[in-house]
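Report on the structure
Single-letter residue listing:
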Amino acid sequence: MAAPVVGKILSEALPYLGVAPQYEDAELMPVYVPNAVGESVDNAKSALAGLHLAHKIVGDGGTVTAQLPAANASVDPGTKVIIYTGEAKPDTLTVKTPNLKGKSYDSAKAELEAAGMFMRAVGAPTTLASARVSMQSVPAGEEISYGSVIEVTLVDTAIQGEY
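Parameters at a glance
- Residues numbered from 1 in each chain as written.
- Predicted model: local features only at pLDDT ≥ 70, side-chain atom pairs only at ≥ 80, totals over all residues.
- Heavy atoms only, no water.
- Pairing = 2+ DSSP bridges.
- Helix = DSSP H or I, 4+ residues; strand = E, 2+ residues; numbered from the N terminus.
- Axes fitted to C-alpha atoms, helices over the stretch in contact; angles between N-to-C directions.
- Contact = heavy atoms within 4.5 Å.
- Core = buried A, V, L, I, M, F, W, Y, C linked by side-chain atoms within 4.5 Å.
- Buried < 20%, exposed > 50% of the residue type's maximum accessible area, 1.4 Å probe, protein only.
- Salt bridge = Lys/Arg side-chain N within 4 Å of Asp/Glu carboxyl O.
- Lys, Arg positive; Asp, Glu negative; His and termini not counted.
- Polar contact = N/O pair within 3.5 Å; in protein donor to acceptor, adjacent residues only side chain to side chain.

**Quick word on the sheet that holds strand β3 (residues 66-68)**
Note: strands within a sheet are paired through backbone hydrogen bonds, in either parallel or antiparallel orientation. Reading across from one edge, β2-β5-β3 is the order of the three strands in this open sheet, with mixed pairing throughout. The two strands at the open ends of the sheet, each matched to only one other strand, are β2 (54-59) and β3. Taking each pair of neighbouring strands and ignoring which way they run, the sheet shows an average axis angle of 20°. Of the pairings in the sheet, the one linking β2 to strand β5 (residues 80-85) comprises six bridges and is parallel in character. Residue pairing across strands places lysine 56 opposite isoleucine 82, the latter belonging to β5. In the packing of helix α2 (residues 41-50) onto the sheet, the strands contacted are β2 and β5, and the crossing angle to β2 comes to about 160°.

**Concerning the nonpolar core**
By size, the foremost hydrophobic cluster in this structure holds 16 residues, and its most contacted members are Ile150, Val152 and Leu154. Each residue touching leucine 154, except ones within four places of it in the same chain, is listed here: Tyr105, Ala121, Val122, Gly123, Ala124, Pro125, Thr126, Ala131, Arg132 and Val133. Listed in part, the 11 residues of the second largest apolar core include Leu48, Leu53, Ala73 and Val75.

**What to know about the environment of alanine 158**
Along the chain, alanine 158 falls in helix α4 (residues 157-160). Taking the relative accessible area as the measure of exposure, alanine 158 reaches 63% and is therefore exposed. Distance from alanine 158 to serine 130, taken between C-alpha atoms, is 5.8 Å for residues 28 residues apart in sequence.

**Things to note about the pattern of salt bridges**
Taken as a whole and judged by the stated rule, the model has two salt bridges. For glutamate 111, the salt bridge identified is with lysine 103, shortest N-O distance 2.3 Å. Judged by its relative accessible area of 29%, glutamate 111 falls in the partly exposed class. The residue arginine 120 makes a salt bridge to glutamate 151 at a minimum N-O spacing of 3.3 Å. With a gap of 31 residues between them, arginine 120 in strand β7 (residues 118-123) and glutamate 151 in strand β10 (residues 149-156) connect regions that are remote in the sequence. Owing to a relative accessible area of 32%, glutamate 151 belongs among the partly exposed residues under this scheme.

**Topic: the side chain of lysine 109**
One can find lysine 109 in helix α3 (residues 105-114). Here lysine 109 sits buried without a salt bridge, and the closest side chain of opposite charge, glutamate 113, lies 4.2 Å off (N-O distance). Polar contacts involving the side chain of lysine 109 include one to the main-chain carbonyl oxygen of glycine 78, which spans 3.5 Å. In this view, lysine 109 contacts Pro77, Gly78, Thr79 and Met119; residues no more than four positions away in its chain are not counted.

Below you can see the structure in the form of structure tokens.
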């Protein structure tokens, strides 16, 4: 009888303490980018598809010479990995981190990808229409390396209200 009341109290109090909810749905679990450097383009595409990662090929070679994000980066399923095949990867390029607070998962991910960054989300499920970014691992306006992964914390505004 007390469990629903305690659950409601905790769901409202924990975000104020900086504790985001955790979900165990396998579809929402992050994946690690495989090392595709040195592989054929076909093998790299197959490995990425097996992990539910998208790809974009830059260049016209048959062997992967570089990739973004780097091997072993933790990203969300559906992330687009850039495969370089002869074209030079921008190593010294820096980009400015956008302000993602209050944005939906899809909006934040699109903004980061347009700027040359990648996202990994924690907290509320990315599929919730009411999920919004409450925190990001790199502050808005900070200069970081092209291809960096930004971790965002999503909260369910339907439960927690506006933050």
